[in-house]
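# Structural features, examined
So the chains spell out like this:
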Amino acid sequence: MEEAKACEPRYYEMLEQLQVLDFALVELNLYLDTHPEDLKAIEQFNQLTQERTRLANQFQELYGPLQNFGRAYSKCPWEWNQSPWPWQV
């Protein structure tokens, strides 16, 4: 397996922003499990989901897939075997 290589600063910034959004979405999901009628929380969840989807698509267009098995498109040649993978940085 190829050793992970350093990436440009924008790669790390976008990946960190995705992690921030993922954390907030998990917390909102847990909150909504016990407060299913909270419209403001649902609106915030939907807004963050939209933002995360946009950012993930942008990240994948620039740097390759975040997830495998049909959760992200790949350019040609196949990008999944190119490092660094998101969990290697």
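This write-up is about the structure you can find in this document. Each chain carries its own residue numbering, running from 1 in the direction its sequence is written. Per-residue local features of the predicted model are confined to residues with pLDDT of at least 70, and side-chain atom pairs are confined, for both listing and counting, to 80 or more; whole-chain, interface and lining totals are unaffected and use all residues. Excluding hydrogens and water, the side-chain values take into account all heavy atoms of the structure.

### Brief notes about the overall build of the protein
By the criteria applied, helices consist of DSSP H or I runs no shorter than four residues and strands consist of E runs no shorter than two, each listed in order from the N terminus. Each helix and strand counted, the protein has two helices and zero strands in total. Within the protein, the fraction of its 89 residues that count as buried is 27%. Considering only residue pairs separated by 6 or more positions, the protein has 54% of its internal contacts joining residues 24 or more positions apart. Carbon and sulfur atoms make up 54% of the accessible area of the protein, which amounts to about 6,700 Å² in all. Between buried and exposed lies partly exposed: a residue is buried under 20% and exposed over 50% of the maximum accessible area for its type, with that area taken using a 1.4 Å probe on protein chains only. Contacts are residue-level and defined by heavy atoms, with any inter-residue pair within 4.5 Å sufficient. Here the accessible surface of atoms and residues is derived via Shrake-Rupley with a 1.4 Å probe, and residues count as covered only by protein chains that are part of the display.

### Points about the packing of helix 1 (residues 9-34) against helix 2 (residues 39-63)
For every element, the axis is a line fit to its C-alpha atoms; helices are fit only across the contacting stretch, and the angle between N-to-C directions ranges from 0 to 180 degrees. Close contact between helix 1 and helix 2 brings their axes to 9 Å; oriented N to C, the two are set at 155°. Between helix 1 and helix 2, the crossing angle belongs to the class labelled roughly antiparallel. Note on packing geometry: the crossing formed by helix 1 with helix 2 is left-handed. A per-class count over the contact of helix 1 with helix 2 returns 19 nonpolar, five polar and four charged. Here roughly perpendicular refers to angles of 65 to 115 degrees, roughly parallel to angles under 35, roughly antiparallel to angles over 145, and oblique to all remaining angles. By convention the crossing between two helices is left-handed if the near helix lies anticlockwise of the far one by an angle smaller than a right angle, and right-handed if it lies clockwise. Three categories are distinguished: nonpolar for Ala, Val, Leu, Ile, Met, Phe, Trp, Tyr, Cys and Pro, charged for Asp, Glu, Lys and Arg, and polar for the others, with Gly belonging to the last.

### Brief notes about the nonpolar core
Side chains of nonpolar character tend, in soluble globular proteins, to be buried together. Put simply, a nonpolar core is a bunch of buried Ala, Val, Leu, Ile, Met, Phe, Trp, Tyr and Cys residues held in one set by side-chain atoms that sit within 4.5 Å of each other. By size, the foremost hydrophobic cluster in this structure holds 14 residues, and its most contacted members are Leu15, Leu18, Leu48, Leu55, Phe59 and Leu66. Of all the secondary-structure elements, those providing two or more residues to this core are helix 1 and helix 2. Of all the elements, helix 1 adds the most residues to this core, at eight residues. Here Phe59 is in contact with Tyr11, Met14, Leu15, Leu18, Gly64 and Leu66, once residues within four sequence places are set aside.

### Concerning the packing of aromatic side chains
To pair, rings of Phe, Tyr and Trp, with the six-membered ring standing in for Trp, must have centres within 6.5 Å; the planes then decide the type, stacked if under 30 degrees apart, edge-to-face if over 60, and tilted in the middle. Inspection of every chain in the model, using the stated rule, returns four aromatic pairs. Considering the side-chain rings of Tyr11 and Tyr12, the 5.4 Å spacing of their centres and the 80° angle between planes classify their relative orientation as edge-to-face. Taken together, the ring pairs in this structure connect Tyr11, Tyr12, Phe59 and Tyr63 into an aromatic cluster.

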